[in-house]
Amino acid sequence: MENSQWTATRRGFVSALAGAALLGAAPQKKRILILGGTGFLGPATVEAAVARGHELTLFNRGKTRPGLFPGIETLLGDRDPDKGEGLKALRGRKWDAVIDNSGYFPRQVSASARLLAPDVKQYIFISSISVYADNATEGQDESGRLATTPDPAVEKVTDQTFGPLKALCEKASEEALPRRTTVVRPGYIVGPDDPSGRFTYWPVRIDRGGEVLAPGAPGDPVQFIDVRDLGAWLVTLIEQGATGVFNATGPEDRLAWGDLLQACRQAAKSASTLVWVPGEWIAKQGEDLFPIWAPFRGETRGFHLWKNARAVNAGLKFRPYAQTVADTLKWYKTQDAGGRTRLAGPKPEKEAQLLAAWKRENGQPDG
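Residues numbered from 1 in each chain as written. Predicted model: local features only at pLDDT ≥ 70, side-chain atom pairs only at ≥ 80, totals over all residues. Heavy atoms only, no water.

1. Focus: the packing of aromatic side chains
Here comes step 1: Tallied over the full model, the rule gives nine aromatic pairs.
Here comes step 2: Between Y104 and F162, the ring centres sit 6.5 Å apart and the planes meet at 40°, which makes this aromatic pair tilted. Separated by 58 residues along the polypeptide, Y104 in the loop between β4 (95-100) and α3 (106-116) and F162 in helix α4 (residues 162-176) bring together distant segments of the chain.
Here comes step 3: Judged by its relative accessible area of 24%, F162 is partly exposed.
Here comes step 4: An aromatic cluster is built from Y201, W202, W257 and F290, whose rings are joined through pairwise contacts.
Here comes step 5: For K166, the ring lying beneath its charged end belongs to Y104, and the centroid distance is 4.5 Å. (Phe/Tyr/Trp six-rings, centres within 6.5 Å; stacked < 30°, edge-to-face > 60°. Helix = DSSP H or I, 4+ residues; strand = E, 2+ residues; numbered from the N terminus. Buried < 20%, exposed > 50% of the residue type's maximum accessible area, 1.4 Å probe, protein only. Lys NZ or Arg CZ within 6 Å of the ring centre and 35° of its normal.)

2. So, the environment of E155
Here comes step 1: Summarising the element assignment, E155 is placed in the loop between β5 (120-126) and α4.
Here comes step 2: Taking the C-alpha atoms as reference points, E155 and Y104, 51 residues apart in sequence, are found 8.2 Å from one another.
Here comes step 3: Beyond its immediate chain neighbours, meaning those up to four positions away, E155 contacts F105, R107 and Q108. (Contact = heavy atoms within 4.5 Å.)

3. Some points on the side chain of D220
Here comes step 1: Along the chain, D220 falls in the loop between β8 (210-215) and β9 (225-226).
Here comes step 2: Within the buried set, D220 has no salt-bridge partner at all; the shortest N-O distance to an opposite charge, 6.7 Å, is to R254.
Here comes step 3: The contacts of D220, once residues within four sequence positions are left out, are L255, A256, W257, W293 and F296. (Lys, Arg positive; Asp, Glu negative; His and termini not counted. Salt bridge = Lys/Arg side-chain N within 4 Å of Asp/Glu carboxyl O.)

4. What about the packing of α3 against α4?
When two helices pack together, their arrangement is given by the angle between the helix axes and by the axis-to-axis distance.
Here comes step 1: Where α3 meets α4, the axes come as close as 8 Å, and the angle between the chain directions of the two elements is 20°. Taken together, the axes of α3 and α4 lie roughly parallel to each other. Handedness of the α3/α4 crossing: right-handed. Across the interface between the two elements, P106, V109, S110, A113 and R114 from α3 touch L165, L168, C169, A172, S173, E175 and A176 from α4.
Here comes step 2: Here the contact of α3 with α4 is composed, by residue class, of eight nonpolar, two polar and two charged. (Axes fitted to C-alpha atoms, helices over the stretch in contact; angles between N-to-C directions. Parallel < 35°, antiparallel > 145°, perpendicular 65-115°, else oblique. Left-handed = near helix turned anticlockwise from the far one by under 90°. Nonpolar A, V, L, I, M, F, W, Y, C, P; charged D, E, K, R; others polar.)

5. Observations concerning empty space enclosed by the protein
Here comes step 1: Using the criterion set out here, one finds one cavity of 30 Å³ or more in the structure.
Here comes step 2: Contributing to the lining of the largest cavity are F224, I225, D226, D229, G250, P251, F318, R319, Y321 and T324.
Here comes step 3: At the level of elements, β9 and α10 (321-334) are the ones that each hand at least two residues to the lining of the largest cavity.
Here comes step 4: Tallied by class, residues from the lining of the largest cavity come to five nonpolar, two polar and three charged. (1 Å grid on protein atoms, 1.4 Å probe; cavity = no way out; pocket = protein on both sides within 12 Å on 5 of 7 lines; lining within 4 Å. Points joined across faces, edges and corners; volume = space filled by probe spheres on them.)

6. Re the packing of helix α7 (residues 257-267) against α10
Here comes step 1: Running from N to C, α7 and α10 cross one another at 45°; their axes reach a closest spacing of 9 Å. Classed by the angle they form, the pair α7 and α10 counts as oblique. Relative to α10, α7 is oriented so that their crossing is right-handed. Touching D259, L260, A263, C264 and A267 of α7 are Y321, A322, V325, A326 and L329, all from α10.
Here comes step 2: For the contact of α7 with α10, the per-class residue count stands at nine nonpolar, no polar and one charged.

7. Focus on the pattern of salt bridges
Here comes step 1: Using the criterion set out here, one finds 24 salt bridges in the structure.
Here comes step 2: R185 is the partner of E170 in a salt bridge, and the nearest nitrogen-oxygen pair spans 2.7 Å. Of this pair, E170 sits in helix α4 while R185 sits in strand β6 (residues 181-186), and the two are 15 residues apart along the sequence.
Here comes step 3: For R185, a relative accessible area of 3% gives the class buried.
Here comes step 4: Its salt-bridge partner being D327, residue R228 comes within 3.0 Å of it at the nearest N-O pair. With a gap of 99 residues between them, R228 in helix α6 (residues 227-240) and D327 in helix α10 connect regions that are remote in the sequence.
Here comes step 5: The exposure class of R228 is partly exposed, given its relative accessible area of 24%.
Here comes step 6: A relative accessible area of 23% means that D327 is categorised as partly exposed.

8. Focus: the nonpolar core
Here comes step 1: Core analysis: the biggest nonpolar cluster contains 36 residues, and W202, F224, W257 and L260 have the highest contact counts within it.
Here comes step 2: At the level of elements, α5 (198-208), β8, α7, β11 (272-277), α8 (279-284), α10 and α11 (348-361) are the ones that each hand at least two residues to this core.
Here comes step 3: Apart from the residues lying within four places of it in its own chain, the contact partners of W202 are V212, L213, P215, W257, L261, C264, F290, P291 and I292.
Here comes step 4: With 34 residues, the next largest nonpolar core counts V46, L68, V235 and L316 among its residues. (Core = buried A, V, L, I, M, F, W, Y, C linked by side-chain atoms within 4.5 Å.)

9. Focus on unusual backbone geometry
Here comes step 1: Cis geometry marks the peptide bond from G250 to P251; its omega dihedral reads 0°.
Here comes step 2: Looking at the secondary structure, you find P251 in the loop between β10 (244-248) and α7.
Here comes step 3: Although it is not a glycine, R65 sits at a positive phi angle of roughly 45°.
Here comes step 4: Turning to its location among the elements, R65 is positioned in the loop between β2 (55-60) and β3 (73-76).
Here comes step 5: Judged by its relative accessible area of 18%, R65 falls in the buried class.
Here comes step 6: The residue D193 is not glycine, and still its phi comes out positive at about 85°.
Here comes step 7: Mapped onto the fold, D193 is located in the loop between β7 (189-190) and α5.
Here comes step 8: Look at D193 and you get buried, because its relative accessible area is 6%.

Printed below as a string of structure tokens:
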């Protein structure tokens, strides 16, 4: 849960952006509806849109950080049209664009997209790189084969259903708004305010110091996108009226896993040593504990090598990855100690056990 200090900072930041937008030049004002808006990507998008002078409306259940944006119109309802008031609050309203960043089931996405179709110009659906069926092939673009599920009506998100359901949601939005749909497929979305604790694990772990188990090899590729860059680009897509399908992951050029971990070391205040342990050895231990990293072999060889040229050509820009690392670590430390985001990754005891086992098998001194 977001601590009160960060919430107050975000409220003040949005208020300041709103004032700045009135003073400076901004693109033509757009009316934007966000389905969600108070989770992780939503707030970053709100901040970017307000900074550029656009008019925002949020639609959600009012359960996740309901007081985050008191100055922005919020309509209460449910993505599921069969629950409570459902989508009733959206009827009879017009917007230039909709950003759907809370759609996981095609039935619900179809309901919202079809309801809004007569009254919006553009529907942006936030999908995922996980829609692709093949993670082994390097350098795939948006034409890659999509994952499928034997039960398209399933409404339970698991590692097996997440990607196929997102692919079906893409189809539902395009069917409701043909040639007016923008499908955005992000990789790992990271940065300050990330509730998953995945990317955050690495700068925080390295900041703790000591010997750090680094899985794989320094040259393994890695891709992700800073939530602030993604949020800003979504607003750009609306300003441009851009439609189509886009892989939204970065950076623009290939990034080595070792370079990312070195950036974590530079941001940290504690001395640390990276102990590189081959992915093959980790796999033999039956462990899948290390977030973000994926083995650069076999079924995941292409997982961090998606082509993003189409998104870059449509205006997607990336801040330096070292800045994302430093900002993420700084944000983590601003949280109250008792309420900090739970980190993914192995517990210290488990990491120590793996390091000790690796050293014993390779005749290295422990410690």
